[in-house]
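Tertiary structure, described
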Amino acid sequence: MNPDKNKRVVIKIGSSSLTSAHGEISRRKLERLVDEVVQLKDEGHEVLLVSSGAVAAGYRKLGCLERPSSLPEKQAAASIGQGLLMEAYSELFLSHGYVASQILITRDDFSDHSRYNNARNTINVLLERGIIPIVNENDTVTINRLKFGDNDTLSAKVAGLVDADQLIILSDIDGLYDADPRENPNAELLSHVSEITEQIEAAAGDSGSSVGTGGMRSKLDAFKIAMASGIPSFLGKAGVSNIIMDAVKQTAKGTYFESTDEMENLDSRKQWIAFNSGPKGEVTVDEQGKKLMMEKEGSLLPLHVHQVKGRFEKGTVVRIMDLDNEEIGLGVVNYPSDQLVQLQGKKVSEDSKPAVDSDGLVCHIEIPMPVGL
Ligand SMILES: Nc1ncnc2c1ncn2[C@@H]1O[C@H](COP(=O)(O)OP(=O)(O)O)[C@@H](O)[C@H]1O
Ligand SMILES: N[C@@H](CCC(=O)OP(=O)(O)O)C(=O)O
């Protein structure tokens, strides 16, 4: 990464870094964050902020004495707090001559390809015009099953969506340690991580505060997505002077996560298939099918389909499995599941060939590896 080039930077800030000891939004912390973002903007970088804090900003006005724990109360608090949070951000950014905009997003928006593209186009316009998009999960409409649950993975997916040059996650801790520092006072800071190993994952605990939801585990999930999307990332402590600018220059104290080259060249459609489509079914292939898929550019004929699991439409992303139930990769199917069940193990006749694919292929392997995210 060239430290002198103007970059597109996604910055995620967690609830614990924006709140006072009582769990309410701290105006002083918000001001410091805005000042740092402004420094980056003044230097010509594009900045998108993923900010938590809606529940924290709203729960008192809902009449709760402390941060609520039930989902409907959290959602109600967020519906009050999100407006207040944006009002504060807008006012602070405007005082420096910058315009902020609000983007509320759900997991569903990422798994629908046209909504994903729409979100990307909108955010690109905002960034190119110098606006600071502020993203949060759309808490009031999100149901438990669909929740990102924390904004860490949301920020990594947003970074992929806008093809960011860097993802910066600011937290209440100055980086990733080789053991949970609450349990092990001798834990050491890891300044560079090129691979998230099982050992690193085992050392990651849940949230250290009563207001944060993600903890280090969800941060590692986020860094995995960013690394695999070809985006270098950083984890450091919010509130440390110049942390954001120094993270961009790669001089800040914290943990730097390298990107893997494998996915760097994936076009946006393939990135969407790999990280956001949320495969809806499984197609198991026989030995011969597996061999042909590996050798012949990943194409699969119905003859080699061993089993079909799940109900899906034509055009759905499915997992391709081998007979040992290992994932070979992801593909976009040319047949709906019910038709594929009829055809599995058979040679396709002219009238059962899909209209768009004259060879009667079931699919190609689009992502030739288990994504595992
Ligand atoms: N291996 C680890 N390295 C660093 N922090 C860890 C680790 N395991 C658990 N943690 C805890 O994760 C916390 C950060 O997560 P969280 O409280 O959810 O922050 P945020 O609100 O910024 O998302 C740290 O304060 C720390 O107590
Ligand atoms: N969307 C929620 C944030 C969820 C949350 O607490 O996330 P985090 O602080 O990043 O663990 C809110 O704005 O309150």
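Quick notes on the rules
- Residues numbered from 1 in each chain as written.
- Chains lettered and ligands numbered in written order.
- Predicted model: local features only at pLDDT ≥ 70, side-chain atom pairs only at ≥ 80, totals over all residues.
- Helix = DSSP H or I, 4+ residues; strand = E, 2+ residues; numbered from the N terminus.
- Buried ≥ 20, exposed ≤ 12 C-beta atoms within 10 Å, placed from the backbone.
- Contact = placed C-beta atoms within 7 Å.
- Core = buried A, V, L, I, M, F, W, Y, C linked by C-beta atoms within 7 Å.
- UniProt positions renumbered as here; feature names shortened; annotations may be inferred.
- Near = placed C-beta within 6 Å.
- Nonpolar A, V, L, I, M, F, W, Y, C, P; charged D, E, K, R; others polar.
- pLDDT = per-residue confidence, 0-100.
- Axes fitted to C-alpha atoms, helices over the stretch in contact; angles between N-to-C directions.
- Parallel < 35°, antiparallel > 145°, perpendicular 65-115°, else oblique.
- Left-handed = near helix turned anticlockwise from the far one by under 90°.

Digging into the environment of V333
Along the chain, the position of V333 falls in the loop between β13 (327-332) and α12 (337-343). Exposure remark for V333: the 25 C-beta atoms within 10 Å place this residue in the buried category. With 14 residues separating them along the chain, V333 and R319 place their C-alpha atoms 9.9 Å apart. Apart from residues lying up to four places away in sequence, V333 is in contact with F312, K314, T316, V318, L340, V362 and C363.

What to know about the nonpolar core
Residues V10, I11, A226 and V362 are the most contacted members of the largest nonpolar core, which totals 93 residues. Ranked by the residues each element gives to this core, the list is headed by helix α8 (residues 215-228), at eight residues. Excluding residues within four positions of it along the chain, I11 makes contact with V37, V47, L49, I168, L170 and I244.

With respect to the UniProt feature "binding site: ATP" (unreviewed entry) in the protein
Under the UniProt annotation, "binding site: ATP" (unreviewed entry) lies at K12, S171, D172, T213, G214, G215, M216, R217, S218 and K219. Excluding its chain neighbours within four sequence positions, the residues that come into contact with K12 are V50, N151, D152, S155, I169 and L170. Mapped onto the fold, S218 is located in helix α8. Leaving out residues up to four positions away in the same chain, S218 has contacts with D150, D152 and T153.

A closer look at the site of ligand 2
The full set close to ligand 2 counts 18 residues, and G14, S15, S52, A54 and V55 are the nearest of them. Mapped onto the shell around ligand 2, the elements with two or more residues apiece are α2 (54-58), β4 (132-137) and α6 (151-161). Here the residues of the shell around ligand 2 are counted per class, giving four nonpolar, ten polar and four charged.

A short note on the confidence of the model for the protein
Reading fine detail from the predicted coordinates is not recommended where pLDDT is low. Averaged over the protein, the pLDDT score is 88; the fraction of residues at 70 or greater is 89%. When mean pLDDT is taken per element in the protein, strand β2 (residues 46-51) scores highest with 98 and strand β14 (residues 363-367) scores lowest with 77. With a pTM of 0.86, the predicted complex shows an ipTM of 0.96.

Details of the packing of helix α1 (residues 27-42) against helix α3 (residues 71-94)
Relative to each other, α1 and α3 sit at 45 degrees, their axes nearing to 10 Å. Taken together, the axes of α1 and α3 lie oblique to each other. Between α1 and α3 lies a crossing whose hand is right-handed. Across the interface between the two elements, L30, E31 and V34 of α1 pack against A88, L92 and F93 of α3. A class-by-class count of the residues in the contact of α1 with α3 yields five nonpolar, no polar and one charged.

Observations regarding the UniProt feature "binding site: substrate" (unreviewed entry) in the protein
Residues annotated in UniProt with the feature "binding site: substrate" (unreviewed entry) correspond here to S52, D139 and N151. In sequence the annotated residues extend across 100 residues, while in space they remain close, none of their C-alpha pairs exceeding 10.9 Å. Structurally, the position occupied by D139 is in the loop between β4 and α6. D139 sits in the buried class, given 23 other C-beta atoms within 10 Å.

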